[in-house]
Amino acid sequence: MFSLLIAEDEGWMREVLSKSTHWEECGITRIFEAVNGAEALELIRKEKIDFLLTDIRMPVMDGLTLLAKVKECAPDIETVMLTGFDDFDYVRTAMRLGAYDYLLKPVHDDELMQLFLKLSRARSEQQAARYRAAMEQSMLKQGLRALREQFLANWFMGRTTDPGIIRQKCRELELDIASIADSYVVILMEIDQLYLLQERYKQREIELLQFGIRNIAEEYLKNSGRPFLLFAAADRTVIWCRAEAGGDEPDELLHSIRSSIRSFLKVTVTVGISERHYTENDVFAASMEALKSLKMKMYHGVDQAYFYRQVHDEEDRQLFQRELQQRLLHCVAAGNEEELYALLDGLFGEIRRKKIPVRQVEHVLLLLIQMAFESIDDGDSDGTLLGSTKEEWLAKVSAYDTIDEVQSCVTSVLRQAAQAAGSRKTKMSKLIRDMLAYLEEHYREDLSLQTLAERFFVNPSYLSRLFKDEVGQIFTKYLMQLRIEKAKQLLKNTHLKVYEISEAVGYGDVKYFNKIFKDLTGLTPAEYRNL
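From a predicted model like this one, the values you see are computed outputs, not experimental measurements.

Visitor: Would you mind going over the overall build of the chain in detail, with residue names and values included?
Guide: A tally of regular secondary structure across the chain gives 24 helices and ten strands. A compact globule built from 531 residues would reach a C-alpha radius of gyration of about 24 Å, whereas the chain, at 40 Å, exceeds it by more than 25%. With the C-alpha coordinates aligned to their principal axes, the bounding extent of the chain is approximately 130 × 60 × 40 Å. Residue burial in the chain is summarised as follows: out of 531 residues, 45% are buried. Long-range contacts, defined here as pairs at least 24 residues apart, represent 67% of the contacts in the chain between residues at least 6 apart. Summing over all exposed atoms, the chain offers an accessible surface of approximately 28,200 Å²; the carbon and sulfur share of this is 50%. Each charge class in the chain was averaged separately, 70 positive and 84 negative side chains, and the resulting centres sit 5 Å apart.

Visitor: Lay out the side chain of E149 with the relevant residues and their values.
Guide: With respect to the helices and strands, the residue E149 is situated in helix α5 (residues 109-156). Not counting chain neighbours up to four residues away, the residues in contact with E149 comprise R214, L230, F231 and A232.

Visitor: Run through the packing of helix α21 (residues 475-493) against helix α23 (residues 510-521), naming residues and quoting values.
Guide: One can describe the packing of α21 onto α23 by two numbers: an axis separation of 10 Å at closest approach and a directional angle of 95 degrees. Between α21 and α23, the crossing angle belongs to the class labelled roughly perpendicular. Within the contact between the two elements, α21 uses M480, Q481, I484, A487, K488 and L491 and α23 uses F513, I516, F517, L520 and T521. Split by residue class, the contact of α21 with α23 holds eight nonpolar, two polar and one charged.

Visitor: Hey, could you go over helix α11 (residues 283-294) for me, with residue numbers and the actual values?
Guide: In this model, α11 (twelve residues) spans 16 Å end to end at C-alpha, consistent with the 16 Å of a helix rising 1.5 Å per residue. Of all the residues in α11, the buried ones are V283, A286, S287, E289, A290, S293 and L294. The arc that holds every buried residue of α11, seen down its axis, measures 160 degrees, which confines them to one face.

Visitor: Quick rundown of the packing of aromatic side chains? Include the residues and the values.
Guide: Scanning the entire structure with this criterion turns up 17 aromatic pairs. A centroid spacing of 4.4 Å and a plane angle of 80 degrees characterise the contact between Y195 and Y400, whose relative ring orientation is edge-to-face. Separated by 205 residues along the polypeptide, Y195 in helix α8 (residues 194-200) and Y400 in the loop between α16 (390-399) and α17 (403-426) bring together distant segments of the chain. For the pair Y195 and Y400, one class covers both residues: buried.

Visitor: Can you explain the sheet that holds strand β9 (residues 269-273)? Please cite residues and give values.
Guide: Two orientations exist for strands paired in a sheet by backbone hydrogen bonds: parallel and antiparallel. Read across the open sheet, the five strands follow the order β7-β8-β6-β9-β10; overall the sheet is mixed. In this open sheet, the two edge strands, each paired with only one partner strand, are β7 (228-233) and β10 (305-307). Taking the axes of each pair of neighbouring strands and ignoring which way they run, one obtains an average angle of 20 degrees across the sheet. Bridge analysis of β9 against β10 gives three bridges, and the strand direction is parallel. Of the residues in β10, the one forming a bridge with I273 is F307. Each of β6 (184-191), β7, β8 (236-242) and β9 is contacted by helix α9 (residues 203-224), which is oriented at about 170 degrees to β7, the strand it contacts most.

Visitor: Give a description of the environment of S260 that names residues and reports values.
Guide: With respect to the helices, strands and loops of the structure, S260 is situated in helix α10 (residues 251-265). In this structure, the C-alpha to C-alpha distance between S260 and Y220, residues 40 residues apart in sequence, is 9.7 Å. Those residues in contact with S260 that sit more than four places away from it in its chain are I216, Y220 and L265.

Visitor: How would you explain the nonpolar core if you had to name every residue and give the values?
Guide: Most often, soluble globular proteins keep nonpolar side chains buried together rather than apart. Core analysis: the largest hydrophobic core is formed by 34 residues, its most contacted members being F320, L328, L340, F348, L368, V410 and L414. Going through the elements one at a time, α13 (322-334), α14 (337-354), α15 (358-375), α16 and α17 are the ones with two or more residues in this core. If we skip the residues at most four places from it in the chain, L368 touches F320, L328, L344, L347, F348, V410 and L414. Core analysis: the second largest hydrophobic core is formed by 33 residues, M435, L439, L447 and L479 among them.

Visitor: Please set out the sheet that holds strand β4 (residues 78-83) residue by residue, giving values where relevant.
Guide: In spatial order, the strands read β2-β1-β3-β4-β5; together these five strands make up an open sheet with parallel pairing. Strands at the two margins of the open sheet, each flanked by one partner only, are β2 (28-34) and β5 (101-104). Averaged over all neighbouring strand pairs, the angle between strand axes comes to 20 degrees, with direction disregarded. As judged from the six bridges shared by strand β1 (residues 2-7) and β2, these two strands associate in the parallel manner.

Visitor: I'd love a proper account of the pattern of salt bridges, names of residues and values included.
Guide: For the structure on display, the rule yields 23 salt bridges. Its salt-bridge partner being R123, residue D50 comes within 3.1 Å of it at the nearest N-O pair. Pair noted here: D50 is in the loop between α2 (37-46) and β3 (51-55) and R123 is in helix α5, with a separation of 73 residues, a long-range link. For the pair D50 and R123, a shared accessibility class is recorded, and that class is buried. Among the salt bridges present, the one from D303 reaches R262, with a minimum N-O distance of 3.2 Å. Residue D303 is located in the loop between α12 (297-300) and β10, and its partner R262 is located in helix α10; the two are separated by 41 residues in the primary sequence.

Visitor: Break down unusual backbone geometry for me, citing the residues and quoting the values.
Guide: In this chain, K105 is followed by P106 through a cis amide linkage whose omega measures -10 degrees. Look at E174: it is not a glycine, yet its phi comes out positive at around 55 degrees. In this structure, E174 sits in the loop between α6 (163-172) and α7 (178-181). The exposure class assigned to E174 is exposed, which follows from its relative accessible area of 59%. With phi around 55 degrees, D303 is a residue other than glycine that occupies positive phi space. Residue classification places D303 among the buried residues on the basis of a relative accessible area of 18%.

Visitor: Now, about the packing of helix α18 (residues 430-442) against α21: what can you tell me, with residues and values included?
Guide: Where α18 contacts α21, the axes come no closer than 11 Å and their chain directions differ by 40 degrees. The orientation of α18 with respect to α21, classified from their angle, is oblique. When you trace α18 past α21, the crossing you get is right-handed. Side by side, α18 and α21 meet where M435, L436, L439 and E440 of the first sit next to F475, Y478, L479, L482 and K486 of the second. Within the contact of α18 with α21, the residues separate by chemical class into seven nonpolar, no polar and two charged.

The rules we used
Residues numbered from 1 in each chain as written. Predicted model: local features only at pLDDT ≥ 70, side-chain atom pairs only at ≥ 80, totals over all residues. Heavy atoms only, no water. Helix = DSSP H or I, 4+ residues; strand = E, 2+ residues; numbered from the N terminus. Rg over C-alpha atoms; globule rule 2.2 N^0.38 Å. Buried < 20%, exposed > 50% of the residue type's maximum accessible area, 1.4 Å probe, protein only. Contact = heavy atoms within 4.5 Å. Areas by Shrake-Rupley, 256 points an atom, 1.4 Å probe, with all protein chains shown as cover. Lys, Arg positive; Asp, Glu negative; His and termini not counted. Charge placed at Lys NZ, Arg CZ, Asp CG, Glu CD. Axes fitted to C-alpha atoms, helices over the stretch in contact; angles between N-to-C directions. Parallel < 35°, antiparallel > 145°, perpendicular 65-115°, else oblique. Nonpolar A, V, L, I, M, F, W, Y, C, P; charged D, E, K, R; others polar. Expected span 1.5 Å × (residues − 1). Arc of directions from axis to C-beta. Phe/Tyr/Trp six-rings, centres within 6.5 Å; stacked < 30°, edge-to-face > 60°. Pairing = 2+ DSSP bridges. Core = buried A, V, L, I, M, F, W, Y, C linked by side-chain atoms within 4.5 Å. Salt bridge = Lys/Arg side-chain N within 4 Å of Asp/Glu carboxyl O. Left-handed = near helix turned anticlockwise from the far one by under 90°.

Structure, rendered in structure tokens:
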């Protein structure tokens, strides 16, 4: 706990003092000895000393000289003077020099213990007060840092937009943005394959990894001399730093940061960098540019730095037309895995070839996941595929870095849905199989669930539930899709007019037929025929 230095030129007195049994009661566990002031001063400069018990009269350097030098080099040491009856003038000098107290020789154990108990308690209280003050200061700093990070994340992600509020918050949180905001870039750093790390490690370990990445980036940024702010947002590290004059961009700096992260933390990061901007009002736009740059890893790979100038969005394409959606849904509902794989290979092959913008790809993925879950929504399902809900699958797909990983994930979901549909199909009752065969022959006629119930001698309500359970969709939707599939065949393989095809598949009102056709395919009958 505490340490004591006894400076006394008389050996027997030093031994008596050092061997006292009361020191541990006073919290003193380390005792040093010196034969004069010079030796004591040398020890004080080498060791951490809490208390000094020194004789006033000693050779080489006396106690008063030692006390004066101690107050210069180690003012926290509390000093007690040892003196005789004839040395009161020296004692007064010692007290003026800052001695805590004095003891008369010969020293009595009780007196010695009471004085050093008082000293140790005072020192303990001082240490506790310093510790509390340090903790309070630390908590204040941590709280301020957390508030800064929350504000910056909201600002850069577009959740705080009012310029007046932004300026006020910058003042309140003591954020100095003047040296950055007139010419800057925004940089986003993201751990590659984070989803795998999250499966392997606890959240606390992931947080420590993120902390390590920030520390490395912060060290390099400080050494670069660029003014910057660094904070976390959505599992990414955000760097807002000044763009140097002359168009110098942080290629080399980012390369060094990524190399150190790879070497010390054994993970890789991908980096997206915005264009240069010149006003703090553009930070959200710059953040979106950095995010779009970061997403280029989907096509070009991880562990890279991508600049926004490299991003060239191609014009929106009809990538995932309604007909392809219907074909995929039909494959899943029918349990046709072979055709399903072929369609998915074609779809993702086109995404790769044309480097479809990420926002379009994300829309396609959303539709595919929804399709998988719609196909299993039979009323008895627990709402999961492979043990995950729709929201969990969407989160998984969003976490992947490359298009190969995305395709593998989506294929897994749709395969599971197709297998579930195939299993359901093999369990169809004879009634439903007969009913589907009847619909295949009589879809042109004016059919309803009531007429079918009468035809097959069953209760309409029972038939409705059974059809939904075994086919996977309600009767009216199934009939609608069947008729449109037949219409598509006629459009491609005959020269019949649209109104004639409408009547041929059971729709007497051609306008209603056109509406249903476009709802299901995304095209009018004429547009479909001209494909």
